Amino acid sequence: MKLIIQIPCFNEEDTLPQTLAQLPREVEGIATVEWLVVDDGSTDDTVRVARDHGVDHIVSLSPNRGLARAFTAGLDACLMRGADVIVNTDGDNQYHGGDIAALVKPVVEGRADLAIGARPIDEIEHFSPLKKVLQKLGSWAVRTASGTEIRDAASGFRAFSREAALRLHVYSEYTYTMDTTILAGQIGMSVVSVPVRTNPQTRPSRLMKSVPSYLWRTGLAILRVFVIYRPARTFFLLGAVPFLAGFALCVRWLVLYVGDIAADEVARGREPSLILAAILIIVAIQMWLFGVLADLIGANRKLIEDVQYRVKRRALEDVNDGHAGQGGADTNGPGAGRRDPGPG
């Protein structure tokens, strides 16, 4: 069984040596452990540092494509190099590499398809109180949408089985954590949380440039997650707000109208209230129709994902058959630290 530890990097020449120093070369239940760095268009000496520290594979992307794209490129590269288990960690040394053995154990034993490292959020000193609240809110949203019991949805410290890596897709360009977790839950994969340690902060987070920006992007990501994976429920709840408001206006109008008649007064039309109520109810009905359409689109998306899975699996089988035809050569071969082109 082969484990490949992938590290998406963008200008990590200062922190990458610390990250690599903690990574294992031997893990119980694993025959081969290799390291892969995804250089996401770095402008510093990240590639040289990776090569000097014995990284087995370097996948280069250019220009910078963002964390989500780098993560996906890494998964594809690991699969093409024969990985049975893939661990993703960050190049800023946020996660303690010594916990990789515990992280992969549920996957190696066949108890999980995806294992997510759960950080001790409340104990991380450089997390502000607001960020801790947002982390927990995001985890709740992902648990609700995925039907899993994961505790740290934003954690990038993850172990994937080969089958999970083949099936998972990333739609967001901001981050991959929510998409992969929810899709895993949606298609019935076993997802578990594994307590892990973190290291002291080495640099400010690049995902959280400012609190307003983080709030905005995290809020959009959570809403997008629900729209993609729970469209009918999401649009029903969104439509319920204007519907209830419109219904309340209708009831108010009816009460006032009947009251005018009971008091032998001339019943006033109160047309503005009726017009607003009608508009709100029409908006609600449109939202519910959007939910129906989004649900149908979601069914097509699942078919497309299944096709992509079959294509990926066939491509890997062709690669394995090709190596077998060459006498069973290793998919990686000799030469640690070589620079590989990006997939595709």
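Everything discussed here concerns the structure shown above.
Residues numbered from 1 in each chain as written. Predicted model: local features only at pLDDT ≥ 70, side-chain atom pairs only at ≥ 80, totals over all residues. Heavy atoms only, no water.

(A) Expanded view of helix H4 (residues 100-108). Within the span of H4, buried status applies to Ile-100, Leu-103, Val-104, Pro-106 and Val-107. Buried residues of H4, viewed axially, fall in a sector of 150 degrees; they line one side. Residues of H4 that are buried sit in contact with strand E1 (2-9), strand E4 (85-88), strand E5 (114-118), strand E6 (158-161) and strand E7 (191-195). Two residues or fewer after H4 comes Gly-110, characterised by a positive phi angle close to 80 degrees. (Buried < 20%, exposed > 50% of the residue type's maximum accessible area, 1.4 Å probe, protein only. Helix = DSSP H or I, 4+ residues; strand = E, 2+ residues; numbered from the N terminus. Arc of directions from axis to C-beta. Contact = heavy atoms within 4.5 Å.)

(B) View of the nonpolar core. Formed by 41 residues in total, the largest nonpolar core has its most connected members in Leu-36, Ile-86, Phe-160 and Leu-168. Top element by residues in this core is helix H3 (residues 67-80). It accounts for 7 residues. Discounting chain neighbours no more than four positions away, the residues touching Phe-160 are Phe-71, Leu-75, Asp-84, Val-85, Ile-86, Asn-88, Val-107, Asp-113, Leu-114, Ala-165 and Leu-168. The next biggest cluster of nonpolar side chains, apart from the first, holds 29 residues, and it includes Ile-5, Cys-9, Leu-23 and Ile-100. (Core = buried A, V, L, I, M, F, W, Y, C linked by side-chain atoms within 4.5 Å.)

(C) Examining the packing of aromatic side chains more closely. The tally for this structure, following the rule as stated, stands at 7 aromatic pairs. With a centroid separation of 5.1 Å and an interplanar angle of 15 degrees, the aromatic rings of Tyr-95 and Phe-157 are classed as stacked. Of this pair, Tyr-95 sits in the loop between E4 and H4 while Phe-157 is found in the loop between helix H5 (129-146) and E6, placing the two residues 62 residues apart along the sequence. A single burial state applies to Tyr-95 and to Phe-157, both of which are buried. Measuring from centroid to centroid gives 6.3 Å for Phe-243 and Phe-247, while their planes differ by 15 degrees, and the two rings are stacked. Of this pair, Phe-243 and Phe-247 both sit in helix H9 (residues 231-262), 4 residues apart, which is roughly one turn of the helix. On the basis of relative accessible area, Phe-243 is assigned to the partly exposed category, the value being 29%. Ring-pair connections join several aromatic residues into one group, and the members of that group are Phe-236, Phe-243, Phe-247 and Trp-288. Against the face of Trp-35 rests Arg-25, its NZ or CZ located 3.8 Å from the ring centre. (Phe/Tyr/Trp six-rings, centres within 6.5 Å; stacked < 30°, edge-to-face > 60°. Lys NZ or Arg CZ within 6 Å of the ring centre and 35° of its normal.)

(D) Region of the structure containing the environment of Ala-245. Tracing the chain through its elements places Ala-245 in helix H9. Spatially, the C-alpha atoms of Ala-245 and Ala-277 are 7.3 Å apart, while their sequence positions differ by 32 residues.

(E) Seen up close, the side chain of Thr-46. Structurally, Thr-46 is set in helix H2 (residues 46-52). Here the side chain of Thr-46 touches Asp-44 through a polar contact of 2.7 Å, side chain to side chain. Among all residues touching Thr-46, those that are not within four sequence positions of it are Cys-9, Asn-11, Glu-12, Glu-13 and Leu-16. (Polar contact = N/O pair within 3.5 Å; in protein donor to acceptor, adjacent residues only side chain to side chain.)

(F) Looking closely at the pattern of salt bridges. Tallied over the entire structure, the rule returns 12 salt bridges. Residue Arg-48 is joined to Asp-45 by a salt bridge in which the shortest nitrogen-to-oxygen separation is 3.6 Å. Given a relative accessible area of 41%, Arg-48 falls into the partly exposed group. Relative accessible area serves as the criterion here: at 36%, Asp-45 is assigned to the partly exposed category. A salt bridge links Asp-152 to Arg-119; the shortest N-O distance between them is 2.6 Å. Taken together, the residues span a long stretch of sequence, with Asp-152 in the loop between H5 and E6 and Arg-119 in the loop between E5 and H5 at a distance of 33 residues. Each member of the pair, Asp-152 as well as Arg-119, is classed as buried. Linked by salt bridges that have partners in common, Asp-45, Arg-48 and Asp-52 make up one network. (Salt bridge = Lys/Arg side-chain N within 4 Å of Asp/Glu carboxyl O.)

(G) Quick peek at H3. Taking 1.5 Å of rise per residue, the 14 residues of H3 would be expected to cover 20 Å, and the 20 Å separating its terminal C-alpha atoms lies within 8% of that figure. For H3, the set of buried residues is Ala-68, Ala-70, Phe-71, Ala-73, Gly-74, Leu-75, Ala-77, Cys-78 and Leu-79. At the exit of H3 stands Gly-82, carrying a positive phi of roughly 85 degrees. (Expected span 1.5 Å × (residues − 1).)

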